[in-house]
Amino acid sequence: MDLVIIDDEPKIRNGLSHMLARHIAWNVVATFEDAISALEYLDDHHVDVIITDIKMPEMNGLEMIARLREKNLETYVIIISGYGNFQFAQQAIELGVFRYMLKPTNPRELIQVLEKVEELRQKKEDDLTEEKVEVGNLLVMKAVEYIEKNYACKISVKDIASHLYVTPNYLSNLFKQHTGENISTYITDYRLKKSRDYLKRPEYSIAEIAELIGIGNARYFSNIFKKKYGQTPSEYRNKMN
């Protein structure tokens, strides 16, 4: 995860940077001696964690955090301060600071705090992935329902996507991802499956069945039926009877 360190004491900045850089999964992307420079950087760069002091020239750490929160920046913030001031701590809580730590910093404690941040970030990512899968499953189910209700009509991926308020490309990729099958192939296969039910009923001609399943062209229907099942619709019907 990417971290930024903000402290007006070079010894602390460098010490923290070197200590955290030893962790293979953590990357100190920038260090700053003042909050204003840090804000300018954070306007254009996303980071996962900000480690900051409070007392700094021109703008203090709490003011900087307040500015970041105005932009809905949900970065984890850890304050490391030499001031055990209750008012500072209260403001930090109100600003959603993850942890308020006092100087001199216990390296082991800081590492434990960052490991907890990493754990929470992973959980958020897992939850988001799970949510995307659930949404994807729901859309695929809705697409299947649409096909089952409308297979007798001339339907396309574009029609189904429009019905579900998504783009055709998105729906196609999602359907393939969740079923392992192209949506157009699924439509054809479903129609052929329904055609076998109609073929059991002699009152329907092959041409009529082609119309009933939304294919229309009897010759094309016969060709794809044979390709799928290894026999023509007529041969299938004769065997059934």
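Look up: the structure comes first, before these words.
### Topic: the sheet that holds strand 5 (residues 99-102)
The five strands are arranged 2-1-3-4-5 in an open sheet whose pairing can be described as parallel. In this open sheet, the two strands that pair with only one neighbour each are strand 2 (27-32) and strand 5. Pairwise comparison of adjacent strand axes, ignoring direction, gives a mean angle of 20 degrees for this sheet. Here four bridges tie strand 1 (residues 2-6) to strand 3 (residues 49-52), and the two strands are oriented parallel to one another. Its bridge partner lying in strand 3, Leu-3 is registered against Val-49.

### Quick look at the side chain of Ser-195
Considering the arrangement of structural elements, one finds Ser-195 in helix 8 (residues 183-199). What Ser-195 contacts, discounting residues up to four positions off in sequence, is Ile-209, Ile-213, Phe-221 and Phe-225.

### Here's the deal with the packing of helix 2 (residues 35-44) against helix 3 (residues 61-70)
At a minimum axis distance of 10 Å, the contact between helix 2 and helix 3 shows a crossing angle of 20 degrees. With respect to their mutual orientation, helix 2 and helix 3 come out roughly parallel. Like other packed secondary-structure pairs, helix 2 and helix 3 cross with a definite hand, here right-handed. On helix 3, the residues touching Ala-35, Ala-38, Leu-39 and Leu-42 of helix 2 are Met-64, Arg-67 and Leu-68. Across the contact of helix 2 with helix 3, the residue classes break down as six nonpolar, no polar and one charged.

Criteria and cut-off values
- Residues numbered from 1 in each chain as written.
- Predicted model: local features only at pLDDT ≥ 70, side-chain atom pairs only at ≥ 80, totals over all residues.
- Heavy atoms only, no water.
- Pairing = 2+ DSSP bridges.
- Helix = DSSP H or I, 4+ residues; strand = E, 2+ residues; numbered from the N terminus.
- Axes fitted to C-alpha atoms, helices over the stretch in contact; angles between N-to-C directions.
- Contact = heavy atoms within 4.5 Å.
- Parallel < 35°, antiparallel > 145°, perpendicular 65-115°, else oblique.
- Left-handed = near helix turned anticlockwise from the far one by under 90°.
- Nonpolar A, V, L, I, M, F, W, Y, C, P; charged D, E, K, R; others polar.

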